[in-house]
2 protein chains.
Amino acid sequence: MDTTDGPCGLDVSLKVIGGKWKPLILYHIQDGPTRFSQVKQRVAGISEKVLIQQLRELVAMDVLIRRDHQRVPPMVDYALTPFGKTLVEALQPLCEWGTQNRAHVAATLAAASG
Amino acid sequence: MDTTDGPCGLDVSLKVIGGKWKPLILYHIQDGPTRFSQVKQRVAGISEKVLIQQLRELVAMDVLIRRDHQRVPPMVDYALTPFGKTLVEALQPLCEWGTQNRAHVAATLAAASG
DNA sequence: CGGTATCCCCAACGATACTG
DNA sequence: CAGTATCGTTGGGGATACCG
């Protein structure tokens, strides 16, 4: 296959996990249903507003499912759909790449003072 | 390994390929040295200014190498470094995922009218 | 606890014109 | 051809307060 013509699958993936937070959110939910407050803790630095936004978008795209346990106080959790699980699997190599190259990237960024 | 604690490699990957265009740019350069004007053609919709910016950042991060052939008119090309090649390989599953799920994503986005 | 509502900012993105 | 320069835009994201 010639990789130089037409759109590759990346444009689709980017529609789904584009933005600053979505890959991180998926990563931190992959081990099972996770409560809103837990996600917030794990995804360091994200604001509530943005977290909700991103979660809703992921739900709308059938990547996550939201479960409201109808309790007082509220109890909600988010989990990967089967579709979402395939996405997380596709994300895994990128995750490992980052782990293996953390030092190199940090050094390069420091050298470029950015 | 517990995936819920600490930073995963994704934060590193996102530093390198974060933004709207970088994954696409890498994809369209993977087959060999590619001239500026060719990259511009292949990455549909990108402006010259943004393309230059992204290319320079990728060069600074040791993902791409820029070669100036010292000609008039100018002749410059960009190619993956060995390091960049490992990154493109890590991106490959995401690319395939997008190809396989193009229809599903399109349908879901349409249903959410977004 | 799990959200909404509101206001604000800025970095990324875009369009156009110009240059070595 | 491969950039620079300049200006304009936008929406993703941030802070805070409030609500069921």
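Residues numbered from 1 in each chain as written. Chains lettered and ligands numbered in written order. Predicted model: local features only at pLDDT ≥ 70, side-chain atom pairs only at ≥ 80, totals over all residues. Heavy atoms only, no water.

Asker: Mind showing me how you'd approach the sheet that holds strand β2 (residues 64–68) of chain A here?
Answerer: Hydrogen bonding along the main chain pairs the strands of a sheet, whether they run parallel or antiparallel. Residues and elements named next belong to chain A. Spatially, β1-β3-β2 is the arrangement adopted by the 3 strands of the open sheet, whose pairing is antiparallel. Of all strands in the sheet, those with a lone pairing partner are β1 (34–35) and β2, marking the two edges. Sheet topology note: the β2/strand β3 (residues 76–80) ladder contains 5 bridges and is antiparallel. Paired with leucine 64 across the two strands is leucine 80, which belongs to β3. (Pairing = 2+ DSSP bridges. Helix = DSSP H or I, 4+ residues; strand = E, 2+ residues; numbered from the N terminus.)

Asker: Before we go on, may I ask you to explain the protein's contact with DNA strand C in this structure?
Answerer: Taken together, 20 residues lie around DNA strand C, and Glu48, Ile52, Arg56 and Arg66 of chain A together with Lys49 of chain B are the ones closest in. Sugar and phosphate atoms form 60% of the subset of DNA strand C atoms that lie within 4 Å of the protein. Within the side chain of arginine 35 of chain A, an N or O atom sits 3.0 Å from a phosphate oxygen of DNA strand C. Between tryptophan 21 of chain B and DNA strand C, the recorded distance is 3.4 Å, taken from a side-chain N or O atom to a phosphate oxygen. Mapped by element, the contributors of at least two residues to the surface near DNA strand C are α3 (36–42), α4 (48–60) and β3 of chain A together with α4 (48–60) of chain B. The residue makeup of the surface near DNA strand C, split by class, is 10 nonpolar, 3 polar and 7 charged. (Near = heavy atom within 4 Å. Polar contact = N/O pair within 3.5 Å; in protein donor to acceptor, adjacent residues only side chain to side chain. Nonpolar A, V, L, I, M, F, W, Y, C, P; charged D, E, K, R; others polar.)

Asker: Explanation requested: the interface of chain A and chain B in the structure shown.
Answerer: Often, the extent of an interface is quoted as the loss of accessible area on bringing the components together. In this complex, chain A contributes 45 residues to the contact, which on the side of chain B involves 45 residues. Interface of chain A and chain B: buried area, both sides summed, is about 4,100 Å²; carbon and sulfur atoms make up 72% of it. Three residues stand out in chain A for area buried against chain B, namely Leu10, Leu94 and Trp97 of chain A, and they jointly supply 17% of the buried area on that side. Connecting chain A to chain B are 2 salt bridges. Those elements that place two or more of their residues in the side of chain A that touches chain B are α1 (10–17), α2 (22–29), α5 (82–100) and α6 (102–111) of chain A. Top contributing element to the side of chain A that touches chain B by residue count: α5 of chain A, with 11 residues. When grouped by side-chain class, the residues that make up the side of chain A that touches chain B number 24 nonpolar, 13 polar and 8 charged. (Contact = heavy atoms within 4.5 Å. Buried area = accessible area lost by both parts, 1.4 Å probe. Salt bridge = Lys/Arg side-chain N within 4 Å of Asp/Glu carboxyl O.)

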